[in-house]
Amino acid sequence: MLRASLAALTLLAALPAAAQDRGGMHMNNAINELGEIQANQGCPLSATSVTVGVNNARGGGSSATQQLGTQGGGSSGCRPLVSTRVVTGANLALGRGSYAGQSITNQGPTGVLATNTYTRGYNVGYGAQSTANQRLLNGTGH
Amino acid sequence: MVTEGNQVMRSIVLSSFAAFAALAAVSVAPASAQISITHGGGNVNTAKGAMSEADQSATTLGGLASGHGKAITNGGNNYNTAGGKYSYAGQDTTTVGGTALGHGLAITKGGYNNNLAKGYGSSATQSTLTLGGTAYGHGKSITSGGYNTNLAAGAFSSADQQVATVGGTAGRHGLNVVSGGMNKNAALGYGSSASQQVFTGGQ
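Residues numbered from 1 in each chain as written. Chains lettered and ligands numbered in written order. Predicted model: local features only at pLDDT ≥ 70, side-chain atom pairs only at ≥ 80, totals over all residues. Heavy atoms only, no water.

Engineer: It is not clear to me how the state of the cysteines should be interpreted in this structure. Could you clarify?
Structural biologist: In a disulfide, the sulfur atoms of two cysteines are held together by a covalent bond. Residues and elements named next belong to chain A. A full pass over the atoms with the stated rule returns one disulfide over all chains. Between the sulfur atoms of C43 and its disulfide partner C78 the distance amounts to 2.0 Å. Taking the torsion about the sulfur-sulfur bond, which here is approximately -130°, the covalent link between C43 and C78 counts as left-handed. With a gap of 35 residues between them, C43 in the loop between α2 (30-39) and β1 (46-57) and C78 in the loop between β2 (63-71) and β3 (82-93) connect regions that are remote in the sequence. (Disulfide = S-S within 2.5 Å. Helix = DSSP H or I, 4+ residues; strand = E, 2+ residues; numbered from the N terminus.)

Engineer: Just to check I follow, could you spell out the environment of S157 of chain B for this structure?
Structural biologist: All names here are of chain B. Relative to the elements of secondary structure, S157 occurs in the loop between β13 (149-152) and β14 (158-167). For S157, a relative accessible area of 2% translates into the label buried. As for S157 and G191, which are separated by 34 residues in sequence, their C-alpha atoms are 7.3 Å apart. If sequence neighbours within four positions are ignored, S157 has contacts with A117, G119, G121, S122, A152, G191, S192 and S193. A polar contact is formed between the side chain of S157 and the backbone oxygen of A117, at a distance of 3.4 Å. (Buried < 20%, exposed > 50% of the residue type's maximum accessible area, 1.4 Å probe, protein only. Contact = heavy atoms within 4.5 Å. Polar contact = N/O pair within 3.5 Å; in protein donor to acceptor, adjacent residues only side chain to side chain.)

Engineer: Would you mind going over the sheet that holds strand β3 (residues 53-61) of chain B with me for this structure?
Structural biologist: Here eight strands make up an open sheet; going across it, the order is β2(A)-β4(A)-β6(A)-β3(B)-β6(B)-β10(B)-β14(B)-β18(B) and the pairing parallel. The sheet terminates laterally at β2 of chain A together with β18 (193-202) of chain B, the two strands that pair on one side only. Taking the axes of each pair of neighbouring strands and ignoring which way they run, one obtains an average angle of 0° across the sheet. (Pairing = 2+ DSSP bridges. Axes fitted to C-alpha atoms, helices over the stretch in contact; angles between N-to-C directions.)

Engineer: It is not clear to me how the pairing of strand β5 (residues 114-125) of chain A should be interpreted in this structure. Could you clarify?
Structural biologist: Counting buried residues in β5 of chain A gives 12 out of 12 residues, a clear majority hidden from the surface. Neither face of β5 of chain A is left uncovered, since the one carrying A114, N116, Y118, R120, Y122 and V124 of chain A and the one carrying T115, T117, T119, G121, N123 and G125 of chain A both have all their residues buried. Here 12 bridges tie β3 of chain A to β5 of chain A, and the two strands are oriented parallel to one another. Bridging across to β5 of chain A, V86 of chain A finds its partner in Y118 of chain A. In terms of strand pairing, β5 of chain A meets strand β2 (residues 44-47) of chain B through four bridges, oriented parallel.

Engineer: Help me out: how do you make sense of the environment of T88 of chain A in this one?
Structural biologist: With respect to the secondary-structure elements, T88 of chain A resides in strand β3. Counting along the chain gives 38 residues from T88 of chain A to V50 of chain A, while the straight-line C-alpha distance between them is 8.1 Å.

Engineer: How should I be thinking about the interface of chain B and chain A in this particular structure?
Structural biologist: As a measure of interface size, the accessible area lost when the parts come together is often cited. Each side of the interface is counted separately: chain B has 38 residues, and chain A has 39 residues. Summed over both sides, the interface of chain B with chain A buries roughly 3100 Å², with 44% coming from carbon and sulfur. For the interface between chain B and chain A, the tally reads zero salt bridges. Counting across the interface, chain B meets chain A through 32 residue pairs in polar contact (both at pLDDT 80 or more). Those elements that place two or more of their residues in the side of chain B that touches chain A are β1 (33-39), β2, β3 and β4 (64-74) of chain B. No other element matches the nine residues that β3 of chain B contributes to the side of chain B that touches chain A. Taken together, the residues of the side of chain B that touches chain A sort by class into 14 nonpolar, 20 polar and four charged. (Buried area = accessible area lost by both parts, 1.4 Å probe. Salt bridge = Lys/Arg side-chain N within 4 Å of Asp/Glu carboxyl O. Nonpolar A, V, L, I, M, F, W, Y, C, P; charged D, E, K, R; others polar.)

Engineer: Would you explain the packing of aromatic side chains in this entry?
Structural biologist: The geometry of an aromatic ring pair comes down to the distance between the two centres and the angle between the two planes. Residues and elements named next belong to chain B. With the rule as written, the count across this model stands at four aromatic pairs over all chains. Between the aromatic rings of Y86 and Y120, the centroid separation amounts to 5.6 Å while the plane-to-plane angle is 90°, which identifies the pairing as edge-to-face. Highlighted residues: Y86 in the loop between β5 (79-82) and β6 (88-96) and Y120 in the loop between β9 (114-117) and β10 (123-131), separated in sequence by 34 residues. Taken together, a centroid distance of 5.8 Å and an interplanar angle of 75° make the contact between Y120 and F156 edge-to-face. Of this pair, Y120 sits in the loop between β9 and β10 while F156 sits in the loop between β13 and β14, and the two are 36 residues apart along the sequence. Residue F156 is classed as partly exposed on the basis of its relative accessible area, which comes to 42%. (Phe/Tyr/Trp six-rings, centres within 6.5 Å; stacked < 30°, edge-to-face > 60°.)

Written as structure tokens, this is what we have:
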């Protein structure tokens, strides 16, 4: 039980760090990109959204339900240059006959120059006759 | 047997619904970026206790890269395990990304998925759909969906795996590379069954 929790916490800590490390802006065509940057003045340089959920049902016969929603970080008329969105969830049904349900939704804008989207889930039915149910949605598009 | 049929059907229906929603969302997205990285893989779903159940659904919608863009889509590396006696693990992963315009590069990876039923009488169902990989202009589209493993290791266990990786359209003077091989399917346990369907192709 402890190992499962530790593994989940390690996962949740590592992913946002990886997104920061691998995301950001890589220059491909400097002239075009500088033009995009100038045209986007007044709008945010970057928008980063990290949504993390941890849901545990530990006791025998217990039930834990979690719903998380994140929206925003820009508008249709004013998008950030770089958009980074991270969704991670750990959902653990640890007790005997327990139920753990988790739903995480993250919706945000695409970046003018770059869009980085990371989604990762960790879902475990550990106890006897337990049930773990997890849904993750990470989307960009306005 | 009826229960197993229902589980497979639910998996297919969920996957189809997620794909439809994903395509709808992408088709209305007016925005574009020069670099788009969509990472929807690396998910873990485990039913470890006896008679336990674990259901996981992960959907990631990503991007469009313009100019000398790069669109990188990773939807693979998912793990689904039914470890307990009479346990059930069901996993659906849908990842949509990857259109590169201009001298674009679209890389789509949906493989390296693992589906394992190792408990006595356990059942594991895994469905992974990765859509990506369209490069216009002098573009390159590289798609890989292989290296999947499906194992029914426990006695009287059942493992079912569906992996679909769709990519592979390159415009004029384009380069289109598709690979989907090196898949492994085995029923190792006494009275076990394993079924695997892997599709890798272009749009």
